[in-house]
Amino acid sequence: MRAVLQEVYGPPGVVRVADVPEPTPADDEVLLDVRTVSLNGSDRENLAGRPLYSRVAGLRRPRNPVPGSDVAGVVVAAGPAVTGFAPGDEVFGELPGYRGGLAERVATSPRTLAIKPPDLSFVVAASIPQAGCIAWRALQGVSAGDHVLVNGAGGAGGAFAVGLARHLGAEVTAVDLARKVEHLRRLGADHTVAADEDDWAAHRDRYDRVVDLAAHRAPWRVHRALRRGGRYLMVGGRADLLLTMPTLGALIGRARGRRVGVLVAPQSASDLAEATALVTSGAVVPVIDAVFGLEEAPAAFARLAAGENRGKVVVEVR
């Protein structure tokens, strides 16, 4: 079968497509015929091996050379210990370990999978798991009238966060590079900030919730943008901030009546169900930037790595 291989960390040029053996599912696994895979910010980090936490799946090189975690496909076989899934089921979800999806077939635990709603295409279904679950977790407790800022809103996961915040009745500020400002407006953001021209952290006492998909500001800076009682959540960004946000950031925030920390978003079938319900009801509309074929996967990674995508980059495997 054909699969995308990333055997070392580096630029998009390290990605290639090759023939590999077809996997055999264990007793507690299903074998998926993969139809589509969407790429996330985590895939960009896992490609480069930066920040350092992206090397949790292999310090010197990826233990699993096949990238990709957000998949949609069809079950072709199920181990004897599997319940709830059977051959022929159309499913989608996030693969445990965040790798292995960019192949014609993958053997995986079904615990993070769900039955694909029949009215969702494979392309749209694959775009939901990571972005949808992060947004669902990050915006818990937001209510009408709150002012929400999403940093990195123009990338793979930002559209879902902006859309959900709008659905909840919040006033939304979306932040990304100046060349993406028009895209941010199309997402429905009430306000936009060009990150290369303005610093949202200098907006004193303005936001009730900050969802930071690309964190690079120190904790003693980000808390100033929050209103009293507001909350800052780091989702991705510099590795050193993963240590300082939940420690020093939490102490500074608590002293000033604000909450500063890191979002914990475990892979969860129940969270996926909540996020998917928002899509099927029309409350949130996933944004697809581009669809590439499997043999074009290196180009898909190049677009993601360059930060040119406005929404989800999807690889159509079949």
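One numbering rule holds for all chains: residues counted from 1, following each sequence as written. Reporting of local features is limited, given that this is a predicted model, to residues whose pLDDT is at least 70; pairs of side-chain atoms are given and counted only at 80 or more, and all residues count toward the totals for whole chains, interfaces and linings. Computation of side-chain values: all heavy atoms of the structure, hydrogens and water removed.

1. Digging into the overall build of the protein chain
Then, in step 1: Looking only at helices and strands, the protein chain has 9 helices and 15 strands in total.
Then, in step 2: In terms of overall dimensions, the protein chain is globule-like: its C-alpha atoms have a radius of gyration of 19 Å, near the 20 Å expected for 318 residues.
Then, in step 3: For the protein chain, the C-alpha atoms occupy an extent of roughly 55 × 40 × 35 Å along the three principal directions.
Then, in step 4: Working definition: with a 1.4 Å probe on protein chains only, accessible area under 20% of the residue-type maximum means buried, over 50% means exposed, and in between means partly exposed. Evaluated residue by residue, the protein chain yields a buried proportion of 54% over its 318 residues.
Then, in step 5: Sequence-distant contacts in the protein chain: of pairs separated by 6 or more residues, those separated by 24 or more amount to 68%.
Then, in step 6: Under the convention used here, a 1.4 Å probe and the Shrake-Rupley method define accessible areas, while residue burial counts only the protein chains that appear. For the protein chain, the accessible area works out to roughly 13,000 Å², and carbon and sulfur atoms hold 52% of it. The helix and strand labels rest on DSSP assignments: H or I over at least four residues marks a helix, E over at least two residues marks a strand, and numbering proceeds from the N terminus. Radius of gyration: over C-alpha atoms. The globule rule applied is 2.2 Å multiplied by the number of residues raised to the 0.38 power. Only heavy atoms enter the contact rule, under which two residues are in contact if any of them lie within 4.5 Å.

2. Digging into the pairing of strand β3 (residues 30-39)
Then, in step 1: For β3, the buried fraction is high: 9 of the 10 residues fall into the buried class.
Then, in step 2: For two strands to count as paired, DSSP must find a minimum of two bridges between them. Summarising the sheet, β3 and strand β4 (residues 70-78) pair through 8 bridges and their orientation is antiparallel. Bridge pairing in β4 places L31 opposite A77.
Then, in step 3: Two strands pair when backbone bridges link them, and β3 and strand β15 (residues 312-316) are joined in this way by 4 bridges, in the antiparallel orientation. Paired with L39 across the strands is V313, a residue of β15.

3. Topic: unusual backbone geometry
Backbone phi values are negative for most residues with the exception of glycine, while trans is the configuration of most peptide bonds.
Then, in step 1: Positive phi is not limited to glycine here, since Y98 has a value of about 60°.
Then, in step 2: Under the relative-accessibility criterion, Y98 is labelled partly exposed at 31%.

4. Focus on the side chain of K180
Then, in step 1: Structurally, K180 can be placed in the loop between β9 (171-176) and α5 (181-186).
Then, in step 2: Those residues in contact with K180 that lie beyond four places of it in its chain are G154, G155, G307, E308, N309 and R310.

5. Examining the sheet that holds strand β12 (residues 226-234)
Then, in step 1: The strand order β10-β9-β8-β11-β12-β13 describes an open sheet built from 6 strands, whose pairing is parallel. Every interior strand has two partners, whereas the edge strands, β10 (191-194) and β13 (259-262), have only one. Neighbour-to-neighbour, the strand axes of the sheet open up by a mean angle of 15°, direction not taken into account.
Then, in step 2: By the bridge criterion, 5 bridges tie strand β8 (residues 147-151) to β9 in an arrangement that is parallel. For L149, the partnering residue across the bridge sits in β9 and is T173.
Then, in step 3: In this analysis an axis means a line fitted to C-alpha atoms, helices contributing only their contacting stretch, and an angle means the value between N-to-C directions, from 0 to 180 degrees. In the packing of helix α4 (residues 158-167) onto the sheet, the strands contacted are β8 and β9, and the crossing angle to β9 comes to about 170°.
Then, in step 4: Here helix α7 (residues 241-255) sits on the sheet in contact with β12 and β13, set at roughly 165° to β13.

6. A few points about the domain arrangement of the protein chain
Then, in step 1: Domain segmentation is taken from an automatic or database assignment of domains. By the assigned domains, the protein chain splits into domain 1 (2-116 + 287-316) and domain 2 (131-262).
Then, in step 2: Put simply, the middle of domain 1 and the middle of domain 2, counted by C-alpha atoms, are 28 Å apart.
Then, in step 3: Taken together, the contact between domain 1 and domain 2 spans 16 residues of the former and 14 residues of the latter.
Then, in step 4: Across the domain 1/domain 2 interface, buried area totals approximately 1,000 Å², and carbon plus sulfur atoms make up 54% of it.
Then, in step 5: Contact with domain 2 buries area across many residues of domain 1, yet Y53, V287 and R310 alone supply 47% of it, more than any other trio. When two components associate, each loses some accessible surface as probed by a 1.4 Å sphere; the sum of these losses over both components is called the buried area.

7. Focus on the pattern of salt bridges
Then, in step 1: For salt bridges, the criterion is a side-chain nitrogen of Lys or Arg within 4 Å of an Asp or Glu carboxyl oxygen. Considering all chains together, one arrives at 20 salt bridges under this definition.
Then, in step 2: A salt bridge links R2 to D19, with the nearest nitrogen and oxygen atoms 3.5 Å apart. Within this pair, whereas R2 is found in strand β1 (residues 2-6), its partner D19 is found in strand β2 (residues 15-19), the two being separated by 17 residues in sequence.
Then, in step 3: Residue classification places R2 among the partly exposed residues on the basis of a relative accessible area of 23%.
Then, in step 4: Owing to a relative accessible area of 58%, D19 belongs among the exposed residues under this scheme.
Then, in step 5: Of the charged contacts in the structure, one is a salt bridge between R105 and E22, with a shortest N-O distance of 3.1 Å. Pair noted here: R105 is in strand β6 (residues 105-108) and E22 is in the loop between β2 and β3, with a separation of 83 residues, a long-range link.

8. Some remarks on the UniProt feature "domain: Enoyl reductase (ER)" (unreviewed entry) in the protein chain
Then, in step 1: UniProt positions are given in the numbering used here, feature names are shortened, and annotations may be inferred rather than shown by experiment. Per the UniProt record, the feature "domain: Enoyl reductase (ER)" (unreviewed entry) sits at residues 10-315.
Then, in step 2: Secondary structure over residues 10-315 splits into 26% helix and 26% strand, and the C-alpha atoms at its two ends are 20 Å apart.

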